[in-house]
Amino acid sequence: MSALDPSAIDFIHTYQHHQRWIYAWLCKKLGSSQDAADLTQDTFVKLLQKSEPLTIAEPRAYLTTIAHGLMVNHIRRRDIERAYLEEVAHFSPAAAPSEESRAMALELLIKIDTLLGGLPYKTQKAFLLSQVDGLTHAQIAADLRISVASVRLYIKKALLHCVALQQASIC
Amino acid sequence: MLARSFNHALDEASDWFVKLSSGDAKERDFIAFKQWQEADALHKQAWQKIEQTTQHFKTVASHQEINQTLQRLYSAPSPQRRLALKQLAVLISAGGLGYAGYQTQPWQPLLADYRTPTGGPQQVTLADGSTLTLNSASSVNIHFTESERWIELIAGEVLIETAHEQGRSYRPLLVTTQHGKTVALGTRFTVRDFGGHTQVSVFDGAVRVSPQNNTQQSITLQAGESIQFSVSQLSQKADASTLDALWAKGFIVVDNMRLDAFVQALSRYRPGLLQCDPAVADIQISGSFPIHDTDITLQHIAEKFPVKIQTYTKFFTKVSAL
């Protein structure tokens, strides 16, 4: 990006005008100045990656949408990480997973959450009970108190949803 | 048009996936699936996509702590249940695979404090220092109070090694199943719920067993003894072999067992359908075999005996004549 590039000038201009309030807004929402600073950066990185020109009619609304999306992801990640750490907190020191396995576990959990996150509760649950716990459809139906026909429907729906996301390489 | 027909193949592939993983697919379904898969390159591609996606879930099944995290994320346990979960102090080892071909009471296993998928056993140290090893496809609830240590076996089998609690008054340790209760008298023993009855085997110390509806009939078992009981009746005592608890160390040990019986025993540790061809059923087999990775065990059998292992998708495996 050269200093004379008009889009760069636009970007700097947008940054100077909006950086402070986005930071303040994220600070208020997240309660952490460190996280807010990181996400403010991410918001502008996202903006730079957008192909459309920066002449946005409502820059505040536009930037808020980006920042909000990033914040939701950030909070979800934090929740996943917390749940995982609580789970392994009970491990004896000898059995505690290494840094590397922790990182891999978190990556897998986030991936699965991205795949299943948008689905209704019973659809998620039916799919996990089938694929992870290996329960039969009859057992899942009894566990979730739904019909076997619904179990089949939910599992198919979840499967096609995951395959579609995977294909769109969202994750 | 290509995209449309691929989507059509994907839709069919997902129907196959649902059918084959339902738990009641028959051998003919796997053969029909194989034919469908071979019939068109698009079918193959679509199936591949599905396998790529479901691979992630298979990885979760083999890591108990990741699975537990997901259960935590996708459910909202009540405060009491959270507390109960905390009482399961230390998770020592983890491992195992998805699927379960066991009989269970409706919905109970889902609400259990601790459950294992089909696969290798898993060990847990309880708050009092006792260790609990859960066999494949097993679940328990733990209720520790001031006056007792109650382990409720909901499905499957557990090996219990009791600890002497230090610095507090004695609390009896008891294990209940749908058929009755077993009180430990400082000991190592297994309790297995077969659905219709429960079997208790004692390896060290002694236990006292009482059927649910006939507490008058309780009986004390010593080390080396085992018994079966229903809600109202106790069987004769039989011998308990230490070999019967070796699953807790990750092995099945057999001595001149028929191959069909061995395959059935192994199928407890393996997702999907595992069958033995009647043509090879009476081959006699001896030795100790790992249960954490049944693929390795099957491969080993194929090397030592005149049999071959045929696999149709991850859901169906057959041990058949060469």
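Before any of the text, the structure's been laid out above.
The structure presented is a predicted model; accordingly, all values stated were derived computationally and were not measured.

1. A closer look at the overall build of chain A
- Helix and strand counts for chain A come out as 7 helices and 0 strands.
- Secondary structure elements in chain A, listed N-terminal to C-terminal, are α-α-α-α-α-α-α.
- When each of the 171 residues of chain A is scored for burial, the buried share is 41%.
- Counting contacts in chain A only where the partners sit at least 6 residues apart, residues at least 24 apart contribute 53% of the total.

2. Let's talk about the overall build of chain B
- Summing up its helical and strand segments, chain B has 7 helices and 17 strands in all.
- For chain B, buried positions account for 48% of its 322 residues.
- In chain B, the proportion of contacts linking residues at least 24 apart, taken out of those at least 6 apart, comes to 52%.
- Counting only carbon and sulfur atoms, one obtains 50% of the accessible surface of chain B, whose full area is about 14600 Å².

3. Concerning a positive patch on the surface
- A cluster of basic residues, Arg152 of chain A together with Lys19, Lys26 and Arg28 of chain B, forms a positive patch at the surface.
- By the element assignment, Arg28 of chain B lies in helix H2 (residues 27–39).

4. Topic: the interface of chain A and chain B
- Counting residues at the interface gives 49 residues for chain A and 50 residues for chain B.
- For the pair chain A and chain B, the summed buried area comes to about 4500 Å², and 64% of that belongs to carbon and sulfur atoms.
- Looking at the side of chain A facing chain B, the largest losses of area belong to His90, Gln131 and Val132 of chain A, adding up to 14% of the total buried there.
- Lys156 of chain A is the salt-bridge partner of Asp11 of chain B, the closest N and O atoms lying 3.2 Å from each other.
- Connecting chain A to chain B are 4 residue pairs in polar contact (both at pLDDT 80 or more).
- The greatest single-element share of the side of chain A that touches chain B, amounting to 9 residues, is contributed by helix H7 (residues 148–167) of chain A.

5. Some points on the pairing of strand E5 (residues 139–144) of chain B
Residues and elements named next belong to chain B.
- Of all 6 residues that make up E5, 5 are buried, and the element is covered over most of its length.
- Sheet analysis places strand E2 (residues 114–115) next to E5, joined by 2 bridges and oriented antiparallel. Looking at the pairing, Arg115 lines up with Ser139 of E5.
- Judged from the 6 bridges that link them, E5 and strand E6 (residues 149–161) form a sheet pairing that is antiparallel.

6. Brief notes about the nonpolar core
- Leu116, Phe127 and Ile140 of chain A together with Leu20, Phe57 and Leu70 of chain B are the most contacted members of the largest nonpolar core, which totals 57 residues.
- In contact with Leu70 of chain B, other than residues within four places in its own chain, are Leu109, Ile112 and Leu128 of chain A together with Val60 of chain B.
- Within the second largest apolar cluster, 25 residues are counted, among which are Leu126, Phe144, Leu173 and Ile227 of chain B.

Parameters at a glance
- Residues numbered from 1 in each chain as written.
- Chains lettered and ligands numbered in written order.
- Predicted model: local features only at pLDDT ≥ 70, side-chain atom pairs only at ≥ 80, totals over all residues.
- Heavy atoms only, no water.
- Helix = DSSP H or I, 4+ residues; strand = E, 2+ residues; numbered from the N terminus.
- Buried < 20%, exposed > 50% of the residue type's maximum accessible area, 1.4 Å probe, protein only.
- Contact = heavy atoms within 4.5 Å.
- Areas by Shrake-Rupley, 256 points an atom, 1.4 Å probe, with all protein chains shown as cover.
- Patch = residues over 30% accessible without salt bridge, like charges linked within 9 Å, V, L, I, M, F, W, Y side chains within 5 Å.
- Salt bridge = Lys/Arg side-chain N within 4 Å of Asp/Glu carboxyl O.
- Lys, Arg positive; Asp, Glu negative; His and termini not counted.
- Charge placed at Lys NZ, Arg CZ, Asp CG, Glu CD.
- Buried area = accessible area lost by both parts, 1.4 Å probe.
- Polar contact = N/O pair within 3.5 Å; in protein donor to acceptor, adjacent residues only side chain to side chain.
- Pairing = 2+ DSSP bridges.
- Core = buried A, V, L, I, M, F, W, Y, C linked by side-chain atoms within 4.5 Å.

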